[in-house]
Structures are given as structure tokens and as C-alpha cells.
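Observations on the three-dimensional arrangement
For reference, the chains in residue letters:
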Amino acid sequence: MPVWQVPKNVYEMMPVSMAELEYRVRPQGAVGRYLFDQLVAYSQTPESRASAFRTGESWVLGDNPAPGLLLYEHRFQFDWVPAPYVTADQTYAAIGRNRPIRVYKGIDSRLILDDLYAKLALFAQYMAQKGEWTMLTVTGLWFDHERTPVGRTIPPMFGWQLEGNCRNHPPDAVPACNVALTPDFAALLYDETCETGNSTAVHAAGLTLQSLQKYYARVQVWADTAAGPQQTLWSEPAVFITALLDPAAEWRAEFVSAESPETCRKSSAGTMVRAAFTVKPGLRAAYACTTALGLYNVYLNGQKVSTDEMTPGWTSYNRRLLYQTYEVTAMLHPGLNMAGAMLGAGWYKGVMGLTRSRNNYGDTTAFAMQLTLVYADGTRETVNTGPAWQGTKAPVIFSEIYHGEAYDAALELPHWAECETPENTPAGRWHAVHTVPYPAAKLAAQAAGKVCVQQRIPAQRVFTAPDGSTVVDFGQNMAGRVEITVQGTAGQVAELRCFEELDADGNPYLANLRKARTTMQYTFARSQTVTWQPQFTLYGIPLCAGGAVAGKTGTGQFYRLRAAQRHAAGGGVYLFRTAGEPVEP
């Protein structure tokens, strides 16, 4: 019987980088993905870190030389050597009297690896052509139907998606859910296997949360399928972030306002507030909890913090006010930083309701921010809105939900939310703010349902109505705003009015709007071409029955108009088919 010996140093001649494996192995169907993901999962364990077969970004595939010699004998890469004697303590002893055996001193690693890649590719091609079953994979993970939610205050309900064409897996799936503070899941905070029969929607009821903390989660599923029992790999880590769990006890920020107490009851003009603060070296994480009496956009170092719009939304402000939580670590740097916010009247104090009354919840817009800085040594400090902040009037000279928005570019302060404010800022433009009381116990975190622009729709046609109005038709019902690119000179005004339908003569029909002006106005500060859209209002633009946007500017030239559809993120529209008896409504 032929005996071949492959010494340890030959086994170590099979180095391959993780990048090569991801490029050559993982794309080869379910088997390739399984092999690669298994290696990645093992590489995160303590055992792998101590292995001699792992160095840097490479692995040594030590088991491959043996099957590789069956592929090709490597007949010029061995010596004939007397077989060693194996002692009682499992060590080799060279006695020189045993029959000669092949002792390999090298292998062709490229031949072996390329053969592996080729066979994986051929097998994946064969399986795809036959349409056979594929291995189950967890391809998505969400929490209470939200991807990467920020602002949670209770343990989440896990949901996920299984990929694979095995049948019978949903009813029999048994999931395991992990939660940890790090993506390597070295120390688990939650480790549960659900035996209740739920194949998804598993509530992590035993998980204890902390305020303003990022959590990593993953799921693994066992299932009895038509192809036999299967166990998926762990899903890719997903993230959720908590808000303040007890605002009544934890909220420290005051609401600050730049409005004048003498004129605020009749004003719907926008304001801006800002303050500088210092970040020490070693910042590990930063979380901003923000809200307003009115509508707001918040900025850090000149950059808008999120894509959310019309925050904090409409609630019965006397009973509850939502606040939003954002992870802002990447927006800060060691040293001096600047925070700022722009505010509008919104539902809080603007004209609302059938009686067209204003100041229904209050007469003064105000902004509040509690910014928590977490450092590498575990210490935390907060930056809060308060009397030290400054305020001024905004370029938004008017904004209301019903009546639209007006913007005067002459009031712009470039870089107003950055530390380096231009020297040409008018003297006395910034002034002290005053605080507005609001009970912290009425604050509630918003973890889902945040409104943002979901789709931008270009104009479908432009035509002239019989009354001479220029009408822009976007061809789709929506609630949102209009973005314009327009050219003008100093003092000129670009104006649009949004409406819902045309009358019998083909002209804009406005009677159904009653007293709502639904206009948007931009006043130029100098000769230029600008792209602008309102911030603190929304328009009904049904457009399904000839609805349009009419423009009567007489000034400058419109180059482009786009409608921005706003709503909370959703999962799309899905079709499904049932078998058997009809489903009762």
C-alpha cells in the first residue's frame, strides 16, 4: 500500500487572502457563499485568532494539499525517505530501517486553488441550470419593521427575510437571536432561541436597554425543509440605537427661541439659533436628541444632520411632543464645533383648522437639543441648548402649512452654522435668545415613521392655460413640495402656486383651496441662477386629473422644476397569491 507523508511545512504552503476568497468563492452560488461566510464567522472566534493558519488578511488552507496530491501527484516535489517510527507519545523517531515512502517537500498551490475555484463555478452553474434548491440564507434583519432604527425605548421585535427556494421552511423555522455592544458579538447581552413556532416577529422581551446606546443584532435560523434540515449562517449584523429611556429624569436641555415676545403672536417668520461647543480628543460616539415647538432643521458644522423633514411632526403639543435621536459621531471633530437650527411656525403656531385660528398650541417657536458625547474612556458629557445660545431672523420670512413659504435670499448668512462665520456678517445680527418652558415629562422619542423625500419627479409637461398661466404637470398625485431652478436679478421674485386640478375651461381651479394661498416665493439677492425648495410647508399636488403648478413670475426664467414626494418610509407595494379557499376579509 503506497504511503505518502505531507509535513506541516507543506500544509502551510497554501496561503490565500480573504479578498481572493471573497472574489473567487463567495459568488459561486449558495455553496460558495456558505463556505466563505463560514470562514468569516470562524475568523471572529478566539480559537481562530490563536491559529497558526491565520496571519494578517490571509488564511492557510491546510487541508488542501492532501486532495491536491490526488489531483496531481507532484512527482518532482518529493523525496524517497525511510518511513519514521511513531513512538508511544505520538512523536516521530527516524530509525532508518523502514521501507521508503514519499515525503513531500512542496506543492503547486495555484493549481490546487484554481481547480477549487473552477469546480465551484461549474457546480454553481449546474445547479442554476437545473433549478435545484439552494441553501437558506438570512438576507435581511429589521426591528419592528424598521431598518436600523434610531430612537428606540423598548426591546425590539426581530424580523428577517429568508432567501432560498426550499419549500416548507417558514412554519418550521426556529430562530436564534443575539444582541451585543460590538459587531464581533464577543460578549452577548441577549442570546435566545425561539421555540414558540414563530418563524419571524420574535420579541426580545428579556433584553435590558440603556439610554443612547448602539446595539448590534444577528439572527440564525434552523429549518426542516424539503431538502432536509438546514441551519443558516448568522445574518450580517444589524444595528438599532436607543433614545433617552426616561426623558422626565434625563432631559436637561432648555427650549430656546429667537422670536421677539412683542411680535411673536402675529409672526410666521423663521428664525435661527446657534452655539459653539468643544469636543475633547477620544470621541467614540455622539448622539443628538432634538425637537422644537414648531418645525426645525438642525445642523452641525454647517451640515444638515439628517434627511428628515417637517420634524418633529404634528402632535397635540400640550400633551406630547416627539423628539428625534440621531447618531452624529462622524459630523464632529476634536476642538471647536458649531450647532445650529432653523425654525418655522408649522402646526404649532401657524394658521390651522376650519376656524383658521393661529397660536393653537403656543405663540413662540423654540428649539431644544441635548447632545451626548461618549469618549473612549467611557465618560459622557452633554451639550445642551440654553441661555448662552444666540438667535437671529432666518431668510424664511414666512412659512405656514396652508399658505406656503416665502424666502428672501438677501437675509442669508453664509456658513451661519459653522465655526468660521464670515467677517461681513452685519453687526448686531445675532442676539441673545430667551427660554420657553416645556415639561420634559411630555417628551416622547420617535423611533419610526419619520418623513423624508422618497421620490423626486420631473415635470411631465408644461403648457399655457387659456387664462395665460404657465402650468407644469407632474403627472402624479402626491403630498410634498416643489424644487425649482430659476434665474433672476436682485429684487426679482419667482413665485409658484400649487393647486389640485383644472376647471372646465382648462384654467387653474382654486376654489377648493378656500383661503389657503399655497404659494412659494423666492426673492433674489443678486443676479444668479439658484435651486431652491421650501422647508417648512407642504403642498397637495394630486396631478392625476390635470393637476399642476402654475407660474406667473414675469421675472427671470425657470429652467427646471421637480416635485419632491414626502412621506414616511415604507416597504413598497407587494403582490401575493393564495392557494385553496378564498381569504376572508
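Predicted model, so just to flag it, every value in this text is computed and none were measured.

**Focus: the overall build of the protein**
Helix and strand counts for the protein stand at nine helices and 44 strands. Out of the 585 residues in the protein, the part that is buried amounts to 47%. Partitioning the contacts of the protein with sequence separation of at least 6, the portion at a separation of at least 24 is 75%. About 29600 Å² of surface is accessible on the protein, with carbon and sulfur atoms providing 53% of the total.

**As for the sheet that holds strand β9 (residues 137-143)**
The three strands are arranged β9-β11-β14 in an open sheet whose pairing can be described as antiparallel. Two strands bound the open sheet, and with one partner strand each, they are β9 and β14 (202-203). Of the pairings in the sheet, the one linking strand β11 (residues 157-163) to β14 comprises two bridges and is antiparallel in character. Following the sheet pairing, methionine 157 is matched in β14 by histidine 203.

**Considerations on unusual backbone geometry**
Going from threonine 311 to proline 312, the amide bond is cis rather than trans, its omega being 5°. Within the secondary structure, proline 312 sits in the loop between β22 (303-304) and β23 (321-327). One non-glycine residue, asparagine 301, lies in positive phi territory at about 50°. Among the secondary structure elements, asparagine 301 is positioned in the loop between β21 (295-300) and β22. The phi angle at asparagine 359 is positive, at roughly 55°, despite the residue not being glycine.

**With respect to the sheet that holds strand β8 (residues 100-104)**
Hydrogen bonds along the backbone pair up the strands of a sheet, which may run parallel or antiparallel. Taken in spatial order, the three strands line up as β1-β8-β5 in an open sheet, and their pairing is mixed. Each edge of the open sheet is held by one strand with a lone partner, namely β1 (4-5) and β5 (78-82). Where β5 and β8 come together, five bridges link them in antiparallel fashion. Along β8, the bridge assignment pairs tryptophan 80 with arginine 102.

**A closer look at the pattern of salt bridges**
Overall, the coordinates contain 15 salt bridges when judged by the stated rule. The partner of arginine 26 in a salt bridge is aspartate 37, with the nearest N and O atoms 2.9 Å apart. Here arginine 26, found in the loop between α2 (18-24) and α3 (29-43), pairs with aspartate 37, found in helix α3; they are eleven residues apart in sequence, far enough to count as distant. In this structure, arginine 358 engages glutamate 400 in a salt bridge whose closest nitrogen and oxygen atoms are separated by 3.0 Å. On the criterion of sequence distance, the pair formed by arginine 358 in the loop between α9 (346-349) and β25 (366-375) and glutamate 400 in strand β28 (residues 396-400) is long-range, its members being 42 residues apart.

**Digging into the nonpolar core**
Counting residues in each nonpolar core, the largest one holds 60 residues, and the members touching the most others are Trp251, Phe255, Leu293, Trp416, Leu443 and Ile484. Residues contacting leucine 293, with those up to four places away along its chain left out, are Phe255, Leu321, Tyr348, Thr364, Thr365, Ala366, Val436 and Tyr438. Core analysis: the next-biggest nonpolar cluster, separate from the first, contains 28 residues, Phe277, Ala286, Leu343 and Val433 among them.

**Notes on the confidence of the model for the protein**
Detailed reading of predicted coordinates is not advised where the pLDDT is low. Put simply, the protein has an average pLDDT of 84, and 86% of its residues get 70 or more. Contacts of residues 542-556 to residues separated by more than four positions or lying in other chains number 60 contacts, the stretch itself having pLDDT below 50.

Rules used in this analysis
Residues numbered from 1 in each chain as written. Predicted model: local features only at pLDDT ≥ 70, side-chain atom pairs only at ≥ 80, totals over all residues. Heavy atoms only, no water. Helix = DSSP H or I, 4+ residues; strand = E, 2+ residues; numbered from the N terminus. Buried < 20%, exposed > 50% of the residue type's maximum accessible area, 1.4 Å probe, protein only. Contact = heavy atoms within 4.5 Å. Areas by Shrake-Rupley, 256 points an atom, 1.4 Å probe, with all protein chains shown as cover. Pairing = 2+ DSSP bridges. Salt bridge = Lys/Arg side-chain N within 4 Å of Asp/Glu carboxyl O. Core = buried A, V, L, I, M, F, W, Y, C linked by side-chain atoms within 4.5 Å. pLDDT = per-residue confidence, 0-100.

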